[in-house]
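Residues per chain are reported as follows:
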Amino acid sequence: MKPTPRRNTGVSLFKTSLCVSVGLGALIAAPISVANAQEEESADSQRRLNAVVVQATRREGTTVQDVPVAVTAFDAAMLEDTGVARLNDIEQIAPSVQIAQTESAASGTSISIRGVGTGSNNPGFEPAVGVVIDGVFRTKTGIALSELPELESLEVLRGPQGTLFGRNTSAGVISINTAKPEWEPNATVGAGVGNYGMYSFEAMSTGPITDNIAGRIDIRRRVRDGYIDDVNSDREFNNLDRFLMRGQLLWEGDDDASLRLIADYGKTTEDCCIGVNFNPGPLGAAVNAGAAQLGLVGIADADPEDLKVAISPNREVSDDVDEWGVSAEYKNRFGTMNFTSVTSYRDWEALRDQDIDFSGIDRAYRDGTMIGDQTFTQEVRLQDTYGNIDWLVGAFYMNQKTSYTDTIRVGTQANLYTDLVAFGAAGGQVFGSLDPTGTVVPSLLGNINPLTGAPAAPGTPGTVPFFIPGFQPGQGQSADNWDQTTNAFSLFTHNEIALSDRLTATLGLRANYEEKEVEYDLNGNVTPCNFFAAQPGVAQALGQLALLVCNPAINSEFSVADSGSFDDTQVTGTAKLAYEFTPDFMTYVSYARGFKAGGYNLDRQGFDSVIFGGDGPQPEDLQFDGETVDSYEIGWKADFVDYNAILNGAIFYQEIKDFQENLFSGSNFRTFNSDVESYGLELDGTLSPVDGLTLQGGYAYTKVERQEDIQAPDGTGGFATLADGGVQLVYMPEHVVTASGTYLVGLTDSLQGLFHVNARYNSEAALSDSSRGLTDNDAYTTVGARVGVQAADGSWEFSLFGENITDEDYNMAAFAVPEQTGTNAVYPGIPAMYGAEFKVNF
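From a predicted model like this one, the values you see are computed outputs, not experimental measurements.

Caption draft 1: Region of the structure containing the overall build of the protein chain. Each helix and strand counted, the protein chain has eight helices and 42 strands in total. Counting across all 842 residues of the protein chain, residues that qualify as buried make up 60%. A separation threshold of at least 6 residues defines the contact pool for the protein chain, and within that pool the share at least 24 residues apart is 71%. Of the accessible surface of the protein chain, which amounts to about 30,800 Å², a share of 55% is contributed by carbon and sulfur atoms.

Now the structure itself:
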């Protein structure tokens, strides 16, 4: 059977810029009428605007308008029109969501909701926004970033959701529901082409296998060239190359029993992700001078919007992922009780190569860094009603094994760069070493004027200048091996109590227990660090220059083996009161407590160094505390039948204790826990003024601030401020507005036309604490569109699409380039993308 053409399929989202006082006025505003209904001409039922069935309360058949939860939901039509093919794409239509991607799509992508999220390339850090796909929790954001299959719906639940969704949902949840097997035979084949050499292919087949078993197979491939050019080679970075294969079986018994089995395999092979220079600092001259000796450009002479970068041609930039997983969802009814069991296992592996000096000088690189994650989860739930109580109880267990092998090493010009920097810092003197014969040699850390090649006068150990044994190319981390095991267990209950026909109370509680064990075997050898270990007074006298010679990322003092463990217990929960003033207007007040367990910073940079005045490497150096969120919310759900419209909203206040942060100190990354405050207003709305036209929009005002400065030792006995308190957190604009419009119109008796446009406005936002005010994004708007024609019987469809069609310049993140004081780089947003797609349905 051919699929029915889409007709007037609306989802939630009109938000307008209102202050909190106006929001409160709307909350108590008077008579509001029933939700509109539209006919879907080829369907046998009506659907309400914004009536996407959601999993927010883990109960069957509830819609956005039914639940006292700040949730925005999108159905399949909206997701397809907007071009949601990856998790990153939902930012365009969900104003409370911010997604930042840094040096790795696999391990460097973070999601924030209401300004709360965890951003780090370190696999020891876990997300604050949970991603759930078909009821299965994904343990890391990168594990949810592969190509998505055909979607049935997507929900964004804002605020702590730990009572029902479990661990690491202290900021919210993104719940993705994919299309299930169908009982009528159906198949789809589609292909697309676009600029930047883009091409895509998809195929799907579904239908009955027996009277009570249906199957489905999805295959997708997407390839696109990179959009950042390397001026030192013909390479292009930040491309896409993704493959997904997914199979499902759905068994439905004669009674209420069902079993859904899913198996998938995905592969990503990409040259990603690279940042472009924003501004060269005072050491830019040293970078350019060193690269020039190889006939290369050190820092590209280009503006960030030119999308050009200078990288060492002998260093790879790659981000490859290989993953597979299986899951089983079993449902049955025992008497009046509904039973659900969700079992899953997932194996995810990433392999990265990286030029970590982000320049044309061959200073340092990563070679074959590997991250692995193997996770088993089991959840069971039992739900029923007893009198006026709709109760639900459940249990959750997870076993996660994380493996990480890091490989930061020095390049062929590590000595030269160190000497170039030291030459400027020491007023013409350089650091170096004498060979065994006592003659001056132009190697190791120099012994020459790096600019003229003339011999430099030998120095005396213990005075300035020193002669320090230099690097051998390839020294550093031969293999830093980390293994972390996490076991998490929880019991939970969620109960809806009808206090009257109009007043409902919700009480939820979750007891969480989590234990982590870490083992590490760190291997590496760096000649200058060994020298400092024997003569720590030399390092202390050199101050910041010593950190350049012996960076904490490769300090051989930290080449040790050890282990550690800890456990965390926390009770979380929620309490709500919802009141229906009319069948069309519901308000609620709620409190929720969220929790994200502590962990270990899986990075030798986190250790204390004896060389630089610390007490040496210990497991406790790496441990950070758990994070809790207390959230208070007032919200409303309103239907306006006379205007075919919906307007929902929420006002929230959140206190985040021990917010987990991993900040760059100028030479290394350090872990901190801080207190953060977040508050704001959110509005969702949908309007269908005429048949075939659906308008949607959203607004989010979010104020999120750290409550105190974060300071760290500066390596010279003093302290440096790494992040200011009392200012908006990075990546988070105060104002975000989203809007979209979809018009479906009959062109002839056999053809339908589709016209869709969407836009997102972000106000100005800082992208880095270290370069606040310099690398900030100005306010900007991105616009996407789709125009298509399809057969009235659904047998085929053709469309033209565009993303960021105005080619808006903006950046996703910014950072201080390591070992290049004052130099900053940015990760640019995706430029204008456009193309065409053709799909045939059988």
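Alright, that's what it looks like, and here's the rest.
Caption draft 2: Broad picture of the state of the cysteines. Under the criterion given, the structure shown has two disulfides. Residue pairing for C272: its cysteine sulfur links by disulfide to C273, the two sulfurs lying 1.9 Å apart. Taking the sign of the torsion about the S-S bond as the criterion, the disulfide between C272 and C273, at about 85°, is right-handed. No difference in accessibility class separates C272 from C273, as the two residues are buried.

Caption draft 3: Local environment of the sheet that holds strand β17 (residues 276-279). Taken together, three strands build an open sheet; the order of strands is β17-β41-β40 and the sheet is antiparallel. Only two strands of the sheet have a single neighbouring strand rather than two, namely β17 and β40 (811-816). The average undirected angle you get between the axes of adjacent strands in this sheet is 35°. The pairing of β40 with strand β41 (residues 824-828) spans five bridges and is classified as antiparallel. Bridged to A813 within β41 is Y827.

Caption draft 4: Broad picture of the environment of Y199. Mapped onto the secondary structure, Y199 falls in strand β11 (residues 199-210). Residues Y199 and A836, 637 residues apart in the sequence, show an inter-C-alpha distance of 9.4 Å. Every residue in contact with Y199, bar those within four places of it in the chain, is listed here: G192, V193, R221, R222 and V223.

Caption draft 5: How the structure looks around a nonpolar patch on the surface. Together, F376, Y397, F489, L491 and Y513 give the surface a local cluster of nonpolar side chains, amounting to about 440 Å² of exposed area. Relative to the elements of secondary structure, F489 occurs in strand β24 (residues 476-498).

Caption draft 6: Quick look at a negative patch on the surface. A cluster of acidic residues, D301, D303, E305, D306, D807 and D809, forms a negative patch at the surface. By the element assignment, D301 lies in the loop between α4 (284-292) and β18 (308-309). With relative accessibility at 83%, the residue D301 sits in the exposed group.

Caption draft 7: Structural view of unusual backbone geometry. In the segment running from C272 into C273, the intervening peptide bond is cis, with an omega of 0°. Mapped onto the secondary structure, C273 falls in the loop between β16 (258-270) and β17. Positioned with a positive phi, L307 is a non-glycine residue whose angle comes to about 55°. Structurally, the position occupied by L307 is in the loop between α4 and β18. Unusually for a residue other than glycine, Y731 sits at a positive phi of about 75°. By secondary structure assignment, the location of Y731 is in the loop between β35 (719-723) and β36 (735-746).

Caption draft 8: A look at the pattern of salt bridges. Scanning the model with the defined rule gives 37 salt bridges in all. With its nearest N and O atoms 2.9 Å apart, the salt bridge here joins E682 to R114. Pair noted here: E682 is in strand β32 (residues 669-687) and R114 is in the loop between β5 (109-113) and β6 (129-133), with a separation of 568 residues, a long-range link. Here R346 ties to E323 by a salt bridge, and the two come within 3.2 Å at their closest N and O atoms.

Caption draft 9: Summary view of the environment of F815. By the secondary structure assignment, F815 is in strand β40. In this structure F815 comes out as buried when scored by relative accessible area, which is 14%. Spatially, the C-alpha atoms of F815 and G275 are 8.8 Å apart, while their sequence positions differ by 540 residues. When near neighbours in sequence (up to four residues on either side) are disregarded, F815 contacts G275, F358, S768, T823, N824, A825, V826 and Y827.

Caption draft 10: Here's a closer look at the pairing of strand β31 (residues 645-664). Judged by how many residues are buried, β31 sits mostly within the fold: 15 of 20 residues are covered. Pairing of strand β30 (residues 627-640) with β31 involves 13 bridges; the strand directions are antiparallel. Residue pairing across strands places K637 opposite N648, the latter belonging to β31. In sequence, β30 turns back onto β31 through a hairpin of four residues, with N644 there showing a positive phi of about 50°. Both β31 and β32 contribute to a ladder of 18 bridges, which runs antiparallel. Bridging across to β32, L647 finds its partner in G685.

Caption draft 11: Structural context of the packing of aromatic side chains. Scanning the model with the defined rule gives 18 aromatic pairs in all. Ring geometry for F125 versus F624: centroids 4.5 Å apart, planes at 10°, classification stacked. Placement of F125 in the loop between β5 and β6 and of F624 in strand β29 (residues 623-624) is noted, with a sequence separation of 499 residues between them. F125 gets classed as buried once you look at its relative accessible area, which sits at 6%. Ring centres of F566 and Y600 lie 5.4 Å apart, and the angle between their planes is 65°; this geometry places the pair in the edge-to-face category. Of the two residues, F566 is situated in strand β26 (residues 561-582) and Y600 in strand β28 (residues 599-600); the sequence distance between them amounts to 34 residues. With respect to burial, F566 and Y600 carry one shared label: buried. One aromatic cluster in this structure is built from W482, Y520, F558 and F607. For the cation-ring pair, R114 lies above F652, with the distance from its terminal atom to the ring centre recorded as 4.2 Å. The lysine or arginine in question, R315, covers the ring of Y365, its NZ or CZ lying 3.6 Å from the ring centre.

Caption draft 12: How the structure looks around the environment of V840. Checked against the element boundaries, V840 lands in strand β42 (residues 833-841). Judged by its relative accessible area of 23%, V840 falls in the partly exposed class. On a C-alpha basis, the gap between V840 and A187 in space is 8.4 Å, while along the polypeptide they are 653 residues apart.

Caption draft 13: Up close: the sheet that holds strand β8 (residues 151-158). With mixed pairing, the five strands of this open sheet are ordered in space as β3-β8-β9-β6-β7. Single-partner strands in this sheet number two, and they are β3 (71-75) and β7 (136-138). The sheet shows a mean angle of 20° between the axes of neighbouring strands, direction not considered. Where β3 lies against β8, five bridges are found, and the strand directions are antiparallel. Residue pairing in the sheet places A73 in a bridge with E155 of β8.

Conventions adopted
- Residues numbered from 1 in each chain as written.
- Predicted model: local features only at pLDDT ≥ 70, side-chain atom pairs only at ≥ 80, totals over all residues.
- Heavy atoms only, no water.
- Helix = DSSP H or I, 4+ residues; strand = E, 2+ residues; numbered from the N terminus.
- Buried < 20%, exposed > 50% of the residue type's maximum accessible area, 1.4 Å probe, protein only.
- Contact = heavy atoms within 4.5 Å.
- Areas by Shrake-Rupley, 256 points an atom, 1.4 Å probe, with all protein chains shown as cover.
- Disulfide = S-S within 2.5 Å.
- Pairing = 2+ DSSP bridges.
- Axes fitted to C-alpha atoms, helices over the stretch in contact; angles between N-to-C directions.
- Patch = residues over 30% accessible without salt bridge, like charges linked within 9 Å, V, L, I, M, F, W, Y side chains within 5 Å.
- Salt bridge = Lys/Arg side-chain N within 4 Å of Asp/Glu carboxyl O.
- Lys, Arg positive; Asp, Glu negative; His and termini not counted.
- Charge placed at Lys NZ, Arg CZ, Asp CG, Glu CD.
- Phe/Tyr/Trp six-rings, centres within 6.5 Å; stacked < 30°, edge-to-face > 60°.
- Lys NZ or Arg CZ within 6 Å of the ring centre and 35° of its normal.

Keep in mind that these numbers describe shape and distance, not what the molecule does.
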